[in-house]
Structure formats: C-alpha cells, structure tokens
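Given next are the chains, with one letter for each unit.
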Amino acid sequence: MKTLQFILKKLTGALITIVAIAIANFAIFRIAPGDPIRMMFKDPRVSTEQLQAMRVKFGLDKSIGGQFIDYVKQLLHGNLGFSFWQKRPVADVIGDRIGQTLILVVTALVIATTLGIILGAISGWRNGSKTDRTILSLSLVLYSIPTFAMGILLLLVFGFILLLFPLGGITTPASGFTGFMYLKDVLWHMVLPAFSIVLWYVGEYILLTRSSMVEVMDQDYIVTARSKGLRESVILRKHALRNALLPVVTLSGVNFAFAIAGVIEAETVFSWPGIGRLTYDAVMKRDYPLLQGIFLLFAVSVVVANFIVDLIYTRIDPRIKTGAAHE
Amino acid sequence: MNILEIKDLKVYYMTKNGPAKAVDSISFSVEKNKTVGLIGESGCGKTTTARAIMNFVKEPGEIAGGEIIFNGRNILNLSDGELRALRGKEITIVRQEAQNALNPVMTIGDQIAEVILEHERIDKKAAWQRAEKQLDLVGISHKRAKTFPHEMSGGMRQRGMIAIATACNPDFIIMDEPITGLDVIVQRQLLTLINDLRNRLNLTALFIAHDLSVVSETCDEVVVMYAGKIMEKADVVSLYQNPLHPYTKALIHSYPSIRGERRKLKSIPGSPPLLVNPPEGCRFHPRCEFATDLCRTVEPEIRRINGHSVACHIVK
Ligand SMILES: Nc1ncnc2c1ncn2[C@@H]1O[C@H](COP(=O)(O)OP(=O)(O)O)[C@@H](O)[C@H]1O
Ligand SMILES: [Mg+2]
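From a predicted model like this one, the values you see are computed outputs, not experimental measurements. (Residues numbered from 1 in each chain as written. Chains lettered and ligands numbered in written order. Predicted model: local features only at pLDDT ≥ 70, side-chain atom pairs only at ≥ 80, totals over all residues. Heavy atoms only, no water.)

Caption draft 1: Molecular detail of the side chain of Asp176(B). Structurally, the position occupied by Asp176(B) is in strand E7 (residues 172-176). For the buried Asp176(B), which has no salt bridge, the nearest side chain bearing the opposite charge is Lys46(B), at an N-O separation of 6.6 Å. (Helix = DSSP H or I, 4+ residues; strand = E, 2+ residues; numbered from the N terminus. Buried < 20%, exposed > 50% of the residue type's maximum accessible area, 1.4 Å probe, protein only. Lys, Arg positive; Asp, Glu negative; His and termini not counted. Salt bridge = Lys/Arg side-chain N within 4 Å of Asp/Glu carboxyl O.)

Caption draft 2: Geometry of the packing of aromatic side chains. Residue and element names in this part refer to chain A. Throughout the structure, instances matching the rule amount to 10 aromatic pairs over all chains. With a centroid separation of 4.9 Å and an interplanar angle of 70 degrees, the aromatic rings of Phe26 and Phe68 are classed as edge-to-face. Here the residue Phe26 occupies a position in helix H1 (residues 2-31), and Phe68 occupies one in helix H4 (residues 64-76), the gap between them amounting to 42 residues. The class of Phe26 is buried, set by a relative accessible area of 5%. Centroid distance Tyr201 to Tyr205: 5.6 Å. Interplanar angle 50 degrees. Geometry classified as tilted. Taken together, the residues span about one helical turn, with Tyr201 and Tyr205 both in helix H8 (residues 179-217) at a distance of four residues. Residue classification places Tyr201 among the buried positions, given a relative accessible area of 1%. Aromatic rings pair up to connect Phe26, Phe68 and Tyr71 into one cluster. (Phe/Tyr/Trp six-rings, centres within 6.5 Å; stacked < 30°, edge-to-face > 60°.)

Caption draft 3: Main features of the coordination of the magnesium ion (ligand 2). Residues and elements named next belong to chain B. Within the protein, the magnesium ion (ligand 2) binds to Thr47 (OG1) and Gln96 (OE1); these donor distances fall in the range 1.9 to 2.4 Å. Of this pair, Thr47 sits in helix H1 (residues 46-53) while Gln96 is found in the loop between strand E6 (91-94) and helix H3 (108-119), placing the two residues 49 residues apart along the sequence. Its relative accessible area of 29% is what places Thr47 among the partly exposed residues. (Donors = N, O, S within 2.8 Å, 3.2 Å for Na, K, Ca; no water.)

Caption draft 4: Focus on the sheet that holds strand E11 (residues 303-305) of chain B. Residue and element names in this part refer to chain B. Spatially, the eight strands line up as an open sheet ordered E6-E7-E8-E3-E9-E10-E12-E11, and their pairing is mixed. Of all the strands in the sheet, the pair left with one neighbour each is E6 and E11. On average, each strand axis in the sheet is inclined to that of its neighbour by 20 degrees, with strand direction left out of account. In this structure, strand E3 (residues 35-39) lies alongside strand E8 (residues 205-209), joined through five bridges in parallel fashion. (Pairing = 2+ DSSP bridges. Axes fitted to C-alpha atoms, helices over the stretch in contact; angles between N-to-C directions.)

Caption draft 5: Main features of the interface of chain A and chain B. Each partner contributes to the interface: chain A provides 21 residues, whereas chain B provides 25 residues. In total, chain A and chain B occlude about 2,200 Å² of area from one another, counting both sides; carbon and sulfur atoms represent 58% of this. By the criterion of area lost to chain B, the three top residues of chain A are Ser227(A), Lys228(A) and Pro318(A), representing 27% of everything that side buries. Viewed at the interface, chain B and chain A are joined by four salt bridges. Here Glu118(B) makes a salt bridge to Arg231(A), at a shortest N to O gap of 2.9 Å. Counting across the interface, chain A meets chain B through 15 residue pairs in polar contact (both at pLDDT 80 or more). Those elements that place two or more of their residues in the side of chain A that touches chain B are helix H9 (220-227) and helix H10 (232-269) of chain A. (Contact = heavy atoms within 4.5 Å. Buried area = accessible area lost by both parts, 1.4 Å probe. Polar contact = N/O pair within 3.5 Å; in protein donor to acceptor, adjacent residues only side chain to side chain.)

Caption draft 6: Up close: the pattern of salt bridges. Residues and elements named next belong to chain A. Scanning the model with the defined rule gives 22 salt bridges over all chains in all. Between Arg277 and Asp281 there is a salt bridge, with the nearest N and O atoms lying 3.8 Å from each other. On the criterion of helical spacing, the pair formed by Arg277 and Asp281 is a turn pair, its members being four residues apart in helix H11 (residues 275-284). With relative accessibility at 21%, the residue Arg277 sits in the partly exposed group. Residue classification places Asp281 among the buried positions, given a relative accessible area of 17%. Asp317 is paired through a salt bridge with Arg319; the nearest N and O atoms lie 3.1 Å apart.

Structure below.
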C-alpha cells in the first residue's frame with residue numbers, strides 16, 4: 001500500500017506545517033509594533049485605568065508564555081479571538097465573509113485554469129506557429145499586469161466609460177432581489193472582480209502549460225505515439241497533455257498562495273465584501289486578533305490546497321507511489 | 001518479391017553551414033520474409049534512413065530526392081492520412097535507446113492495445129486480450145499488463161516496444177539498434193527473442209546495428225553504410241567470411257564478437273567525416289590504408305564482384 005503510505009506522509013507533513021504556522025502566527029503579532037489597545041481607544045479621554053481594564057479583558061496583561069497558552073487553548077476550541085474593531089468573535093467576522101470570497105475565487109480559478117490550460121496546450125502543441133506567438137505575447141502582457149492595475153483598468157473601461165457593469169459591491173443596494181434575480185445580480189457584480197483575477201492568472205497558466213507542453217513534445221514517447229500512426233487528437237490528449245499537466249498541477253498548489261494576494265487586490269478595488277477586503281480593513285484598523293485569524297485561515301488554506309494537489313498527483317502520476325518521479 | 005525498394009534516396013539536414021548529406025543516393029531492397037542488416041559506425045545515416053522509410057524525417061532534415069517504394073506505393077507521395085494508416089500497422093519501428101519511448105503515465109497493456117484499437121475494427125476488451133497475448137509473446141507475462149514503464153527494467157521496456165511493433169502483424173518492421181545501451185546478458189536475451197519472432201511471425205525486417213556480429217545471426221543480407229553512402233552489400237555469410245571493402249574489414253575487426261569468439265580488436269583510426277563537407281572521391285579514403293590518388297579524386301561506382309555489391313576502386 002504505497003499510496004496510503006504516501007498520503008499518510010503528506011498528511012503528517014501538512015499537520016506539522018499547520019502547527020508551525022500557528023506558532024509563527026502567534027509570534028508575529030506579539031513582535032509587531034504598535035499598541036492595539038491604544039489603537040482601539042484613540043480618544044485621549046479614556047483613562048489609563050480603563051486601558052488597563054481592557055488589557056486584562058483581552059488577556060494582554062499576561063506574560064508572553066501565558067498569552068501563548070491562552071491562544072493555543074482557544075484555538076483548540078475553534079475560538080480565533082475577539083475582534084477589537086468589530087467587537088465580536090473573529091470566527092464570526094470571518095464566517096460572514098468567507099462565502100463571498102470562495103464564490104469569487106473558485107469561479108475565477110476555474111475559468112483561469114481551464115482557459116489557461118487550453119490556450120497553453122494549443123500554444124505549446126503548435127510551438128513556433130503564428131497562433132503560438134499570438135497566445136504567448138498575450139499571456140506575457142497579461143501576466144505582467146498586476147491584479148489591482150487590471151482591476152482599475154477594467155473598472156474604468158467597462159464600469160465608468162461603457163457603463164456595462166456595476167462599479168463595486170456584491171449586490172445592487174436596496175434592490176430587494178430574491179431567488180434567481182438575486183443570483184443574477186451577484187453574478188453581474190462578480191464579472192469585473194473575477195476577470196481581474198482571471199486575466200492575471202490565465203497568463204501564468206498559459207505560460208506554464210505551454211512550456212511544459214513544449215518540453216513534452218520533444219520526448220521520445222511522442223515520437224513513439226506518432227510512429228504508431230495515432231490520430232493527432234489522441235496524441236494530444238492521451239500522450240502530450242496528460243504528461244504536460246503534471247507540473248501544472250504541482251504549481252497550481254503553489255500558486256494558490258498567490259491567488260490570495262490577487263483576491264485581496266481585486267476585492268479592495270471592487271469593494272467586494274470578502275476576506276480580501278476584510279484583510280485590508282483589518283490592517284487599516286490594526287485589528288490584530290482579526291488579522292491573526294485571517295492569516296491563520298490563509299496559511300491553512302494554502303496547506304490544504306497543497307495537500308489536495310498531492311492527492312490529485314497520486315491519481316495522475318503513477319510514478320509518485322514509488323518515488324520515481326521528481327528525480 | 002521485394003516489399004521495400006529504396007531508390008537513390010537522399011536525406012539532407014539543413015544546417016547553417018549548408019546541407020549535411022546524411023543519406024546520399026543510397027539504393028537497396030528488402031525481400032518478403034527476409035531480414036536485411038544495416039550496419040556502420042555512429043553518424044553514418046542509419047537512423048536517418050530508418051526515419052525516411054516511415055516518411056518521418058524531422059526538422060531540419062529534408063528528403064532531397066529518391067523513391068521509397070513499399071508494396072508498390074511510393075511512401076514519399078502519401079498523404080498524412082495514408083501515412084497514419086501505414087505507420088504502426090504496415091511499417092513499425094523499434095527505436096534506438098528507447099528507455100523513454102513508453103509513455104510514463106500509461107500502462108504497458110494500454111500502450112499495446114492502443115495501437116490495435118487505432119488500426120483495427122475491434123472493441124476495447126478484445127484489444128486488451130490481444131495486448132496480453134503480445135506480452136506473452138515477447139516474454140513478459142500477461143499478468144504484468146497493468147505495470148507502468150517505471151516499474152519495468154530496460155530490457156523489459158524494449159520487449160514492450162517489440163510487442164507494440166508486432167501487435168498489428170506489420171508487413172515490415174524496422175529495428176534501429178534495439179539492443180544498444182543494454183547490458184550484455186539482456187542484449188543476448190533480446191537477440192534470441194528477435195530471432196525467435198522472426199521465424200515464428202515470418203517477419204520482414206530491417207535490422208540496424210553498428211557492428212556485424214550483432215546482425216550476423218539475425219540477418220539474411222547486410223548493407224554496410226559509411227558517411228551517407230553504401231560501401232558494400234552482400235549476403236551475410238559471404239560478407240562475414242569474405243569482406244571485400246576495406247571499411248567492412250575494418251568494421252569487423254573493430255568490434256568484439258557477441259558470441260564471445262576471441263579475436264584481436266583493432267579500432268578504425270579517425271572518425272566519420274562531417275557530412276556538410278564530405279571528402280572528395282571515396283568518402284572513406286582519409287581513413288583507408290590502401291587509398292590511392294584515384295580514391296582521393298573519383299567517387300567509386302558500385303560494382304558487382306564475387307556476388308557482392310561494392311563501392312571501391314581497390315577491390316578487384
Ligand atoms: N537534427 C540534425 N541536425 C543536423 N544533423 C543531423 C541531425 N540528425 C542527424 N544529423 C546528422 O546526420 C548524420 C547521420 O545521423 P544518424 O542517421 O543518426 O546516424 P546513425 O543512426 O548511423 O548513427 C550524422 O552525421 C548527424 O550528425
Ligand atoms: Mg542511429
């Protein structure tokens with residue numbers, strides 16, 4: 001049961017990483033400068049005694065060790081702390097926003113990967129052709145424009161000038177839409193933020209798939225496939241693409257971390273009420289517990305994404321089980 | 001009856017210093033149920049010839065002239081569709097150093113079944129059964145049909161390639177140095193297998209090797225190639241016992257016999273010429289101990305001497 005062993009190994013790795021992240025997450029926020037309690041009560045009339053009382057309330061009067069034990073205890077109970085800014089549990093604040101981010105990210109990534117793999121595969125398959133050069137230059141341009149710049153550009157052209165799409169938010173305010181109309185309204189609002197992520201991301205996927213494809217096309221087994229008299233479509237699908245996708249899958253796990261950066265930018269530009277926008281606000285408000293919660297969420301989701309990629313890998317690359325791949 | 005006739009074939013690689021004449025006006029034919037050996041040092045144009053037979057010369061190579069008549073049709077005039085129908089079914093190839101010739105993400109069974117499915121009207125299950133039979137035929141148990149290439153040894157992979165190449169009962173099979181790069185014991189076993197298949201399946205084949213001892217027990221006839229040209233052509237026994245061309249003689253003496261006969265080895269001094277600017281006259285003359293002024297200026301014609309076809313001014 002080599003596969004099971006492999007999965008267990010990866011799972012252990014993932015768990016250790018999460019523990020390490022939790023510790024680092026605690027440490028970073030204690031080292032960070034600025035007094036969060038002071039940030040919370042900027043009013044100079046608040047007395048030192050009142051501030052002290054707040055410190056006690058949030059457990060900030062204890063020693064670092066004591067705070068860490070509190071933190072771990074709370075974490076194990078699924079308690080991420082209490083938001084200074086919103087005055088309610090961090091888990092609730094995040095819970096309210098996570099759905100909006102997921103729908104945006106999943107939609108954008110699905111479109112970007114599908115489109116990127118198709119265009120990249122065509123490009124690499126027809127290496128050196130006019131189609132290839134067109135796709136390649138397009139993807140280089142897209143890849144080099146950051147999400148926020150792309151977002152502002154889309155906003156300007158399709159929002160302000162052409163008036164085709166709303167300028168921000170997730171629904172039309174006070175519209176009272178329900179059911180299908182509501183869904184349509186959300187999708188409508190999602191077009192521009194999703195595409196600002198898609199356009200940046202697709203460039204990367206095209207480049208990745210293309211270079212992987214070009215490399216695969218030079219392999220001996222492609223010559224074998226040709227000398228077997230197989231149809232081009234079969235060679236492309238069964239021989240070239242299946243092999244070319246292996247590195248793309250690996251990198252999509254790694255890329256997930258960058259997707260988060262893209263989401264923060266896109267949500268901020270389009271006032272999309274998700275975790276990205278929340279991150280931006282939490283930084284502005286110096287809401288340490290909230291930031292800590294968000295960071296933990298990001299880090300864990302990256303670890304989980306990589307674990308899922310490893311699982312997919314065991315399905316698509318037979319060499320993984322014996323460790324023959326990645327020599 | 002000739003299955004394959006190569007007439008005046010020229011294949012050039014377009015390099016930035018001009019065309020490299022890797023195959024330069026060669027002619028030979030292969031009779032049904034016979035195996036022809038094609039031998040010569042590395043870089044003499046053997047693989048290029050093999051690829052040309054499948055009309056499969058890759059950039060920057062170009063077929064610059066000649067005809068390849070296979071079962072009455074000139075392969076060089078076939079459409080892409082006709083070539084696809086031909087490759088893998090009528091003409092197949094087992095390639096040189098084919099350690100990465102199998103797709104790493106497909107089982108060996110699938111890779112054999114695939115070629116049958118492509119060329120025959122047959123359902124998946126029947127194709128799979130045929131694939132299993134092929135594995136048994138080449139000495140890999142059918143129980144291993146679901147193994148992946150990385151789980152197979154070098155020798156087994158080459159057996160797998162042979163199973164693919166014989167899956168659709170080809171009219172003609174090209175074996176381009178099928179045992180090069182493997183260890184000696186595996187080489188022996190593969191040679192035995194190839195010999196055995198040749199007899200059992202009545203194969204018509206072109207067997208490429210760089211030395212004569214490998215082809216001596218597998219082939220009926222041998223073509224000796226040097227720097228894109230044919231130097232000598234004869235039946236295997238006669239060529240082995242009574243080589244005429246100085247290059248053939250040198251070649252025989254430069255490799256150990258695979259059967260382990262003891263013999264003094266003598267390597268051929270120098271190396272094959274660059275084919276962009278080959279030597280004038282006989283291409284072998286710079287390395288030939290018998291070379292005369294005639295050899296240095298006039299290219300020898302192929303002549304019939306003692307049942308051999310030989311391109312040499314010296315041989316009488
Ligand atoms: N892609 C290429 N570009 C330029 N020259 C090539 C290329 N492939 C082969 N050649 C030249 O063609 C000649 C014959 O090569 P090849 O047919 O592979 O020889 P062999 O199989 O006898 O070792 C060699 O001299 C080699 O340098
Ligand atoms: Mg060769």
